[in-house]
Each structure stands twice: as C-alpha cells, then as structure tokens.
Amino acid sequence: MWVCGALCRTRAPAQLGQRLLPESRRRRPASASFSASAEPSRVRALVYGHHGDPAKVVELKNLELAAVGGSDVHVKMLAAPINPSDINMIQGNYGLLPQLPAVGGNEGVGQVVAVGSGVTGVKPGDWVIPANPGLGTWRTEAVFGEEELITVPSDIPLQSAATLGVNPCTAYRMLVDFERLRPGDSIIQNASNSGVGQAVIQIAAARGLRTINVLRDRPDLQKLTDRLKNLGANHVVTEEELRKPEMKSFFKDVPQPRLALNCVGGKSSTELLRHLAPGGTMVTYGGMAKQPVIASVSQLIFKDLKLRGFWLSQWKKDHSPDQFKELILTLCDLIRQGQLTAPACSEVPLQDYLCALEASTQPFVSSKQILTM
C-alpha cells in the first residue's frame, strides 16, 4: 500500500445525525427481511459539508442509519474506490453536485443485509453497486432505495466489482458508440495508465482492436510500459515520442487510428488529432491538463475529423436502467473470461482516508485507492 507518512493518522469520527437523511428516508420502518447476521451497528462515513480541498473538507463522521422502508435495501459496503470524478465533486467543479452535506464516493460494491417488504429484485447476501452517481459509497453501511442499486454477480473479484460501474463502462461505450471498428483497426488514447485507459486496452484486445497508448514520461516508464503490455497494449509511446517526425514511419506499419480517446486536453489532444485517420473521431471524456482542446481548421475541413464528448452520467440519462444492467453483465462476462481485470489497486482502511485522498491526487501514481470497510 502507498504510504504518505503523517497523513495516515486517524481522525476520531465526529457525530452527524438526521441532517444527511432526506425526507424520503425519515419514516417509520416497514416490515423487512433480515439476514441472520443483521444487527444494529455504528455507521461511519466520509462526509463533506462544503466544497474545497478533499484533505481539508472531508471528515470521518458517525451517521444515523435510516429505517428500512418497504422499498428500501440495507447495504453493508465492502469496498469503494476514489476516482477523479469523486475528487472533482468534492472540489465543486463537476457536472453533477449533490446537496451538502454529502457522503463522498460514486462507486463501490456492497452486500445486502436486509430488504423491505416491497423489494423483489434483491435479497440478503446479494452484491450490489450504485445505479447512478451521487449515492455516497464512502461509508460502512447505508439504506438505499431498491431503484438506486444494481445487482452484480458475487463470483467476480471484489476489486473488479468495486470498480465496475464507472471506468469499464466508459471504456466500453466509447469503443462501441462512436466508430464502427473492426478487428485489426487501431485506436489511440492518452492517459493510458488511468482506470479508463487500462479498461480500454483490455476491452479493445478482446474485440481484436490494436491500441496505441500514450503516456507522460516518468521515472518508472519501463515498468509501466511492461504492465500495460501485459494487459494487451500493442504499442506504448510517450507524449514526447508522439511529437517526433519518426512517428510518420511508425504509421506506415500500423493503421492510422480511426478513434482517439482524450482524457487530457491541451497539447496532448492536439497530437492525438494530428495522427487520426481522415474522417476519424476524437472523444473527450476528461481534462486532466485543464487546458482546452484545440483543433486546426485544416483538420476539420481537409481531414473531416469529428470532435465528440462522453459522460457516462448523461449516457445513463439517455438509456434505460435495463440497458445499463445489460452493459454491466457484458463486462462481468469479460471479467469471468479473464479478459478484463481491475486496475492496479491499493486497499486502504476507511479510517486511513487521508492517506488515500493524498495518494489519489499525486502525479504518476498508477494505483487506484480503494477504501475498505
């Protein structure tokens, strides 16, 4: 596990009661079906009351567990990752912001402890993940509405289940929805060591696609290159190498990519566009460099390049819950077949959240931080 020295100290949880419970959750309990181990327990959660630096505004607090209503599900959280979108949401610069105070975390996996009398889709013992963002997964347990959850098979690895609902879904949809790619076609992406980037490599390999993966130069470049190639990456190049004239000869042997996936922006996205095949598409799903995407007039006119964006939350709004469930099951099949693994992870106990938050914002840290409950 990555260690951040003094930041790994534990803060005593503060008290927080009904303020985090919306009116829909403040009701008398209906009859519920409990597992044999269901007992009242203290709920600990990572809560922020205002936007800012996550290390300064996030606190470990004690929460009151809502009563289980007829359509509710009591869930014990097992593991929840820290994603860039989680950090952005806490900072207040994301496209979807929950009402404050809020529990952090948009992704994770939990196990059903009890269900209300009207619940038919899940049962005690099932594994579940959030159906939509903003659920608040950085907590030991919670009561959610049945419609807020999706069941996942419990025969897949815990880390895969915990990281299933965001990055692999984004990777799959971008590979499928924008260009009709056939086996042997090439794609190019930056931020290739990110959670999405690692999923892109594996899903593309499973579909017979060749990947050109761009990385920033770094001290452990060879080690990271080897790891990405073990995942199925065909080619790994640095940002600096991508700008060199020698790349022209590279594309004599490798088909020009028809799809580019951009999570960085700025000069990095400009280079992706420069190497796209005529008529190709660049999909932007992140902006790590905090710089605009700039396309030249000649690229748009003479190469007919297309610039698109992708946000999984919007995709969910535009598609039915059943379509999202189908996507999840497709990815689970890839996991079972050994074609999709979780990104490199470091498991961190919930009380050591400061260490995990600090690691999540450090440059060149390729390991995703996963909070364990």
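Residue numbers here run from 1 along each chain, matching the order of that chain's written sequence. Only residues with pLDDT of at least 70 are given local features in this predicted model, and only at 80 or more are side-chain atom pairs given and counted; all residues enter the totals for whole chains, interfaces and linings. To obtain the side-chain values, all non-hydrogen atoms of the structure were used and water was disregarded.

Going by the annotation in an unreviewed UniProt entry, the name recorded for the protein chain is Enoyl-[acyl-carrier-protein] reductase, mitochondrial, with Bison bison bison given as the source organism. UniProt positions are given in the numbering used here, feature names are shortened, and annotations may be inferred rather than shown by experiment. Under the UniProt heading Subcellular location (unreviewed entry), the entry covering the protein chain gives this text: "Mitochondrion".

J.: Pulling in residues and values, what's your account of the overall build of the protein chain?
T.: A run of DSSP states H or I qualifies as a helix once it reaches four residues; a run of E qualifies as a strand once it reaches two. Both are numbered from the N-terminal end. Across its full length, the protein chain carries 13 helices and 18 strands. For every residue, the accessible area obtained with a 1.4 Å probe (protein chains only) is divided by the maximum for its type, and the residue is called buried under 20%, exposed over 50%, and partly exposed between those limits. Within the protein chain, buried positions represent 51% of all 373 residues. Residues count as neighbours in contact if any of their non-hydrogen atoms are within 4.5 Å of one another. Within the protein chain, contacts between residues separated by at least 24 positions form 74% of all contacts whose residues are at least 6 apart in sequence. Counting every atom, the protein chain has about 16800 Å² of accessible surface; 51% of that belongs to carbon and sulfur. Only the protein chains shown count as cover for residues, with accessible areas throughout obtained via the Shrake-Rupley method and a probe of 1.4 Å.

J.: Requested: an account of the pairing of strand β17 (residues 345–349), with residues and values cited.
T.: As a general feature of sheets, a regular strand has side chains that alternate between the two faces. What you see with β17 is a clean split: Ser346 and Val348 sit on the buried side and Cys345, Glu347 and Pro349 on the side with no burial. Here, the term right-handed applies to a crossover whose path from the first strand over the helix to the second runs clockwise when the strands point away from the viewer. The parallel pair β17 and strand β18 (residues 368–372), bridged by helix α13 (residues 353–360), forms a crossover whose chirality is right-handed.

J.: Describe unusual backbone geometry, with residues and values.
T.: Note the cis peptide between Leu100 and Pro101, where omega equals -5°. Along the polypeptide, Pro101 turns up in the loop between α2 (84–91) and β6 (102–103). Despite not being glycine, Lys290 shows a phi value in the positive range, around 55°. Within the secondary structure, Lys290 is located in the loop between β15 (281–284) and α10 (297–301). On the basis of relative accessibility, which here comes to 71%, the residue Lys290 falls in the exposed class. The phi torsion at Asp304 lies on the positive side, around 55°, for a residue other than glycine. Along the chain, Asp304 falls in the loop between α10 and β16 (306–309).

J.: Account for the pattern of salt bridges, with residues named and values stated.
T.: Salt bridges, as used here, are contacts in which a Lys or Arg side-chain nitrogen is within 4 Å of a carboxyl oxygen on Asp or Glu. Applying the stated criterion to the full structure yields nine salt bridges. Residue Asp177 pairs with Arg173 through a salt bridge whose shortest N-O separation is 2.8 Å. Placement of the pair is Asp177 and Arg173 together in helix α4 (residues 167–177), with a separation of four residues, close to one helical turn. Linking Lys306 and Glu179 is a salt bridge whose minimum nitrogen-to-oxygen distance equals 3.7 Å. One end of the pair, Lys306, is in strand β16; the other, Glu179, is in the loop between α4 and β11 (186–189), with 127 residues separating them in the sequence. The structure contains a network of salt bridges with shared partners spanning Glu179, Asp185, Arg258 and Lys306.

J.: I'd like a description of the packing of aromatic side chains, backed by residues and values.
T.: Whether two aromatic rings pair depends on their centres lying within 6.5 Å, for rings of Phe, Tyr and Trp, where Trp uses its six-membered ring; planes under 30 degrees apart make the pair stacked, over 60 edge-to-face, and the rest tilted. Applying the stated rule across the entire model yields three aromatic pairs. For the pair Tyr94 and Trp311, a centre-to-centre distance of 5.9 Å together with 80° between the ring planes defines the contact as edge-to-face. Residue Tyr94 is found in the loop between α2 and β6, and its partner Trp311 is found in the loop between β16 and α11 (312–318); the two are separated by 217 residues along the sequence.

J.: Mind laying out the packing of α4 against helix α5 (residues 195–206), listing which residues take part and the relevant values?
T.: What describes two packed helices is the angle between their axes and the distance between those same axes. Orientation is described by lines fitted to C-alpha atoms, with helices fitted over the stretch in contact, and by angles between N-to-C directions that extend from 0 to 180 degrees. Following both chains from N to C, one finds α4 and α5 inclined at 50°, their axes separated by 8 Å at the closest point. The angle between the axes of α4 and α5 places the two elements in the oblique class. Where α4 crosses over α5, the handedness of that crossing is right-handed. Judged by residue contacts, Asn167, Pro168, Thr170, Ala171, Tyr172, Met174 and Leu175 of α4 engage Gly195, Val196, Ala199, Val200, Ile203 and Ala204 from α5. Classes in brief: Ala, Val, Leu, Ile, Met, Phe, Trp, Tyr, Cys and Pro nonpolar; Asp, Glu, Lys and Arg charged; the others, Gly included, polar. In terms of residue class, the contact of α4 with α5 is built from ten nonpolar, three polar and no charged. Small angles under 35 degrees read as roughly parallel and large ones over 145 as roughly antiparallel, with 65 to 115 read as roughly perpendicular and the rest as oblique. By definition, turning the near helix anticlockwise from the far helix through less than a right angle yields a left-handed crossing, and turning it clockwise yields a right-handed one.

J.: Help me get a handle on empty space enclosed by the protein, residues and values and all.
T.: Definitions used for this entry: grid spacing 1 Å over protein atoms alone; cavity, a set of points where a 1.4 Å probe fits but cannot get out; pocket, an open set with protein on both sides within 12 Å along at least 5 of 7 lines; lining residue, one with an atom within 4 Å of a point. Grid points are joined across faces, edges and corners, and a volume is the space filled by probe spheres set on the points. Applying the stated criterion across every chain yields a total of two cavities of 30 Å³ or more. There is about 80 Å³ of room inside the largest cavity. If you go around the largest cavity, you meet 14 residues; those closest to its centre are Pro168, Leu340, Thr341, Ala342 and Pro343. At the level of secondary structure, the elements contributing two or more residues to the lining of the largest cavity comprise α4 and α5. Here the lining of the largest cavity is built from residues that sort into seven nonpolar, seven polar and no charged. A volume near 40 Å³ is recorded for the second largest cavity. Listed by contribution, the elements that provide at least two residues to the lining of the second largest cavity are β5 (72–81) and β8 (127–130). Counting residues per element, the lining of the second largest cavity draws most heavily on β8, at three residues.

J.: Which residues make up the sheet that holds β16, and what values do they have?
T.: Pairing between strands requires that DSSP locate at least two bridges from one strand to the other. In space, the six strands of this open sheet follow the order β13-β12-β11-β14-β15-β16, with parallel pairing throughout. Since the sheet does not close on itself, it has two edges, and those belong to β13 (235–238) and β16, each with one partner. Ignoring strand direction, the axes of neighbouring strands in this sheet form an average angle of 20°. Pairing of β11 with strand β12 (residues 210–215), which is carried by four bridges, proceeds in the parallel orientation. Paired with Ile188 across the two strands is Ile212, which belongs to β12.

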